[in-house]
Amino acid sequence: MASQEEILRDERFNRITRDPRFWEIPEEEYKVKIDKRFRSMFHDKKFKLKYTVDKRGRPVNFSTVEDLRTFYALSDSDSELSESDSKARTGKKAKKKKAKPKGKADA
């Protein structure tokens, strides 16, 4: 068989390298971006189905959460917000923990 490079150098297939219809989709654009309103679908029980058999009848241990993660991604602005929310929550918890020892020392 001819190698991939030999095929691309052939004049008959030269337009394939320049035509955007044949380019691979970048990984950033491959997944559909969703916003924070739909963030719960990754961990909500309503969206989770567990499969024991695949479409050909073979036994598998699979759930739809893996499919959701392969086809959908949180939008960049929402993922940054969710990270800042989690940091803020941990910061509040740390402040509460610091406040409790001071109250115990006064009593």
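Residues numbered from 1 in each chain as written. Predicted model: local features only at pLDDT ≥ 70, side-chain atom pairs only at ≥ 80, totals over all residues. Heavy atoms only, no water.

Named according to an unreviewed UniProt entry, the protein chain is ESF1 protein originating from Crypturellus undulatus.

## Brief notes about the overall build of the protein chain
Basically, it comes down to this: Strands are runs of DSSP state E lasting at least two residues, helices are runs of H or I lasting at least four, and both sets are numbered from the N terminus onward. In this scheme, a residue with accessible area under 20% of its type's maximum is buried, one over 50% is exposed, and one in between is partly exposed, where area comes from a 1.4 Å probe on protein chains only. The contact criterion used is simple: two residues touch if any of their non-hydrogen atoms lie within 4.5 Å. Residue burial considers only the protein chains on display, and all accessible areas are found by Shrake-Rupley using a 1.4 Å probe.
In terms of helices and strands, the protein chain carries 5 helices and 4 strands. Going from the N terminus to the C terminus, the protein chain shows its helices and strands as α-α-α-β-β-β-α-β-α. In the protein chain, which comprises 107 residues, the proportion classed as buried is 11%. When contacts within the protein chain are restricted to residue pairs at least 6 apart in sequence, those whose partners lie at least 24 apart make up 50%. Of the roughly 10,200 Å² that the protein chain leaves accessible, carbon and sulfur atoms contribute 55%.

## Some words on the pattern of salt bridges
Rules: Only one rule defines a salt bridge in this text: a Lys or Arg side-chain nitrogen within 4 Å of an Asp or Glu carboxyl oxygen.
Here the structure, examined in full by the defined rule, presents 4 salt bridges. With a closest N to O distance of 2.6 Å, D10 and R12 form a salt bridge. According to the relative accessible area criterion, D10 is partly exposed, its value standing at 23%. D19 serves as the salt-bridge partner of R21, at 2.7 Å between the closest nitrogen and oxygen. Residue R21 is classed as exposed on the basis of its relative accessible area, which comes to 63%. Given a relative accessible area of 15%, D19 falls into the buried group.

## Focus on a nonpolar patch on the surface
Spelled out, the test is: Like-charged residues are merged into a patch within 9 Å and nonpolar side chains (Val, Leu, Ile, Met, Phe, Trp, Tyr) within 5 Å, provided each residue has over 30% relative accessible area and no salt bridge.
Together, I25, Y30, V32, F71 and Y72 make up an exposed nonpolar region whose accessible area comes to about 520 Å². Here I25 shows up in the loop between α2 (14-18) and α3 (27-30). Given the relative accessible area of 58%, I25 is considered exposed.

## Comments concerning the pairing of strand β2 (residues 50-53)
Look at any regular strand and the pattern is simple: side chains alternate between the two faces of the sheet. We apply this condition: For two strands to pair, DSSP has to find at least two bridges joining them.
With 3 bridges joining them, β2 and strand β3 (residues 59-63) adopt antiparallel strand pairing. Bridging from a neighbouring strand, K50 pairs with S63 of β3. Adjacent in sequence and paired antiparallel, β2 and β3 are bridged by 5 residues, among which G57 carries a positive phi angle near 90 degrees.

## Some points on helix α4 (residues 64-71)
Selection rule: The arc in question is the one spanned by the directions pointing from the helix axis to the C-beta atoms.
The set of residues buried in α4 consists of T64, V65 and L68. Summarising the axial view, the buried residues of α4 lie within an arc of 105 degrees, below the 170-degree limit, and thus occupy one face. At its buried positions, α4 is contacted by β2, β3 and β4 (72-74).

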